[in-house]
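Listed below, chain by chain, are the residues.
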Amino acid sequence: MSVEAELQESVNYTPIQRMRHSAAHVMAEAVQEMFPDAKFAIGPAIEDGFYYDFDLPRPLTPEDLPEIEQRMRRIIAGKHPFMRSRWPREQALEYFRNKGQDYKVEIIENLPDDEVGIYQQNNFLDLCRGPHVENTEQIGPIKLMRVAGAYWRGDEHRPMLQRLYGTAWDTQEELDQYLWRLEEAQKRDHRKLGRELKLFVLSDELPAGVPMFLPRGEMLRHLMESYVRETQEKYGYQHVWTGHLGKVHLYKTSKHWFTYRENMFPVMQGEQEASDDDAYVLKPMNCPHHITLYKSQMHSYRELPVRYAEFATLYRYEKAGTLTGLARVRSLTQDDAHVFLRPDQIQEEFDRAVNLTLEVFETYGLNDYGIHLSLRDPNKKEEYVGSDEVWEMAEGSLRNALNNRGIQYQEVIGEAAFYGPKMDFMVRDALGREWQCSTIQLDFVQPENFGLEYIGEDGQAHRPVMIHRAVTGSTERFMAMLIEHYAGAFPVWLSPVQAMVIPIADRHIEYANQVLETLKAAGIRAEVDARGERMNAKVRDAQLQKIPYMLVVGDKEAAANAVAVRLRTNENLGPMPLADFVERVTERTRTRSQEL
RNA sequence: GCCCGUGUGGCGCAGCGGUAGCGCACAGUCUUGGUAAGACUGGGGUCAUGGGUUCAAUUCCCAUCACGGGCUCCA
């Protein structure tokens, strides 16, 4: 077979991915040496390494990694060629069946071809469509990263396999750099910084996934919310408030009860059954409440779109294994909005929502995000509600909104909600994991469920369309992303403490307090460090707290009504009149500048 | 939910079958110091919780809870 033909039927791997894929095979051979009864599933190259899934007689633990690594290095050094062949499907089935390789058999059974690819290096023969490097010696420096469990085919109803993650690079330098980058990323992990910067606390005394915010963390929340509120008002949203409780009946009407019940927290009252229509539940989403508000008024076509926004604390029973710091919690604050509009307003309203979201992202300087345009699967129309025309129009409108702004996005077939297409902003955390933050969703179903109406030009009742929309998603998750994005060094406008006044000796505390009063009067968030420490120690501590400005005050400054300004970048601006400093900070705050 | 790991003073960590230490933080005393850690002294832990094995458990075993990593980038 020609090289071209071989590549065509192979996975589309880059050279380094091909090398990593080969490393996965070597890892499988090492595991085979240790566990002759091992069953093998799959072992692909992934973004920065590779993995292989095994079914083993005993679970792997991190203690197994050194031995596997050692065996791998020996195999690699053996310069064994990767030999490729093609077997008739039946022959391969028989071979793997005899070997008890159930997973390989299942894979082959699902393959349409008459022939399957087989690769062998040294003593390990595997079903594989390739490609591979020529021989094991071409595999660069490797390191096994971790053991993990993974469901076969990613399906939690199928067996749990042992997954080994490893990484491989062309040179030792690249491997070292990769490991160094990982360490650096861990330094900006929001859980670590959240503790160090005294932002939030996760305590055993509270249920899992219920973060509590310290004064500085609450200030950060407040600043984030104020900013989004201000921006939403600019874009024509009105804020509402709907409390923390809902009735089961409400969620039965919205149908959430039937699909989402497991995630809801019932509020028990005496002998009441949790599913009684009148039973209370902690509010897991706002849609039904905003809809109820909409229904409480008569609406003319002239006043649409009606845009209700709310910073609402929601409670969702997320599965235990998925909770992660602030990124996935059970009590979250959503900057949720629901827009009720006429069908002819869809395009314009999408544009508005996209613009709002992009403006917020730009202010935060967030640029490492991806946009998913989630569309319905045209082959499974029965899983979605709504007519073809409406879907085509809605999907087209979302696509237009993105194209109009020249934004890059990825279309994901089959990821739409059953009630409409949506667009999600996926933000990466320090460790490269993607989290959904913003979302814009079109909904044809809830207006139907609740019988929503507006009075049209013709005096008749018409059905509005709904848009569900969140700019930052959950305040908690977005805060996690921001902490990692800034590595805790928030821009001036977002810093919980903007300036630390540092008196040099005790006799300067009085002047420091005067400075503090002036700053506070100007709306600047400042504190005085009056501890009996040396000024150097105070500078260091403020620096570690990533406070933007350190204001050192001694005899000279007190005499001149000045402050000596040091930036957290280590830059020392020297003394400046207090009024000038106030002006500087006020300006940075007003413009939400990234500058110090 | 499932697999693996972890749980020792507020935080970061040692340790070990004979009831615990270090650094930081905290408190007190001395020091009043010009841009990333001044010195000394001191207080603080039922070793996550519950059960079991043992003469003896923080240490070994089991369960529970919490936290961390992973769970469809696909032969």
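Whatever comes next refers back to the structure up there.
Residues numbered from 1 in each chain as written. Chains lettered and ligands numbered in written order. Predicted model: local features only at pLDDT ≥ 70, side-chain atom pairs only at ≥ 80, totals over all residues.

Draft legend 1. Structural context of the overall build of chain A. Counting secondary structure elements, chain A contains 19 helices and 28 strands. Overall, the C-alpha framework of chain A stretches about 85 × 75 × 55 Å when taken along its three principal axes. Within chain A, the fraction of its 596 residues that count as buried is 37%. Looking at chain A alone, contacts between residues at least 24 apart form 72% of all its contacts between residues at least 6 apart. (Helix = DSSP H or I, 4+ residues; strand = E, 2+ residues; numbered from the N terminus. Buried ≥ 20, exposed ≤ 12 C-beta atoms within 10 Å, placed from the backbone. Contact = placed C-beta atoms within 7 Å.)

Draft legend 2. Main features of the packing of helix α2 (residues 15-34) against helix α3 (residues 65-77). Between α2 and α3, whose axes approach to 9 Å, the crossing angle comes to 115 degrees. Here α2 runs over α3; the crossing is right-handed. Here Val26, Met27, Glu29, Ala30, Val31, Glu33 and Met34 of α2 lie close against α3, whose contacting residues are Glu67, Ile68, Arg71, Met72, Ile75 and Ile76. The class makeup of the residues in the contact of α2 with α3 is nine nonpolar, no polar and four charged. (Axes fitted to C-alpha atoms, helices over the stretch in contact; angles between N-to-C directions. Left-handed = near helix turned anticlockwise from the far one by under 90°. Nonpolar A, V, L, I, M, F, W, Y, C, P; charged D, E, K, R; others polar.)

Draft legend 3. Seen up close, the sheet that holds strand β20 (residues 434-443). Read across the open sheet, the eight strands follow the order β11-β15-β16-β23-β20-β19-β17-β18; overall the sheet is mixed. Lying at the two open borders of the sheet, with one neighbouring strand each, are β11 (238-239) and β18 (410-413). One ladder, built from five bridges, connects β20 with strand β23 (residues 465-474); its direction is antiparallel. Paired with Gln441 across the two strands is His468, which belongs to β23. Set on the sheet, helix α15 (residues 475-486) makes contact with β16 (331-341), β19 (422-428), β20 and β23; between it and β23 the angle comes to about 45 degrees. (Pairing = 2+ DSSP bridges.)

Draft legend 4. Here's a closer look at the protein's contact with RNA strand B. Neighbouring residues of RNA strand B: 65 residues in total, closest Gly149, Gly154, Gly321, Gly554 and Ala564. Looking at the surface near RNA strand B, the elements that each hand over two or more residues are β5 (115-121), β7 (142-151), β8 (160-168), α7 (190-196), α17 (535-544), β26 (549-553), α18 (555-560) and β27 (562-567). At seven residues, the largest contribution of residues to the surface near RNA strand B is made by α17. Looking at the surface near RNA strand B, its residues break down into 29 nonpolar, 17 polar and 19 charged. (Near = placed C-beta within 6 Å.)

Draft legend 5. Structural detail: the environment of Arg376. Structurally, the position occupied by Arg376 is in the loop between β17 (369-375) and α13 (388-404). Arg376 gets classed as buried once you count the C-beta atoms within 10 Å, which come to 24. In contact with Arg376, not counting residues within four places along its chain, are Tyr384, Trp391, Ala416 and Pro421.

Draft legend 6. Expanded view of helix α11 (residues 287-295). Of the residues making up α11, those classed as buried are Cys287, Pro288, His289, His290, Ile291 and Tyr294. Packing partners of the buried residues in α11 comprise β12 (245-247), α9 (248-254), β15 (306-315), β16, α14 (446-449) and β23.

Draft legend 7. Spatial organisation of the sheet that holds strand β4 (residues 83-88). Ordered in space as β4-β5-β6, the three strands form an open sheet in which the pairing is antiparallel. Edge positions in the sheet fall to β4 and β6 (124-127), since each has one partner strand and no second. Averaged over all pairs of adjacent strands, the angle between their axes in this sheet comes to 30 degrees, without regard to strand direction. Contacting β5 and β6, α2 crosses the sheet at an angle of about 125 degrees to β6. Contacting β4, β5 and β6, helix α4 (residues 89-98) crosses the sheet at an angle of about 105 degrees to β4.

Draft legend 8. Up close: the pairing of β6. Pairing of β5 with β6, which is carried by four bridges, proceeds in the antiparallel orientation. Looking at the pairing, Gln121 lines up with Phe124 of β6. Where β5 folds back onto β6 in an antiparallel hairpin, the turn is made up of two residues, including Asn122, whose phi is positive at roughly 50 degrees.

Draft legend 9. Fine view of unusual backbone geometry. A cis geometry characterises the amide bond from Gly130 onward to Pro131, with omega recorded as 0 degrees. Tracing the backbone shows Pro131 in the loop between β6 and β7. Look at the link from Leu304 to Pro305: it is a cis peptide, with omega at 0 degrees. Positionally, Pro305 belongs in the loop between α11 and β15. You will see that Lys546, though not glycine, has its phi angle at about 60 degrees, which is positive. Mapped onto the elements of the fold, Lys546 is located in the loop between α17 and β26. The partly exposed category is assigned to Lys546, around which 18 C-beta atoms lie within 10 Å. Within the chain, Asn570 stands out as a residue other than glycine whose phi angle is a positive 85 degrees. The class of Asn570 is exposed, set by 8 C-beta atoms lying within 10 Å.

Draft legend 10. Region of interest: the pairing of β19. Burial analysis of β19 places five of its seven residues in the buried class, which makes it a mostly covered element. Bridge count between β19 and β20: six bridges; the pairing is antiparallel. By the bridge assignment for β20, Lys422 is matched with Gln441. Where β19 hands over to β20, the hairpin turn is made up of five residues, of which Gly432 adopts a positive phi near 85 degrees.

All quantities given are derived from atomic positions and should not be read as evidence of function.
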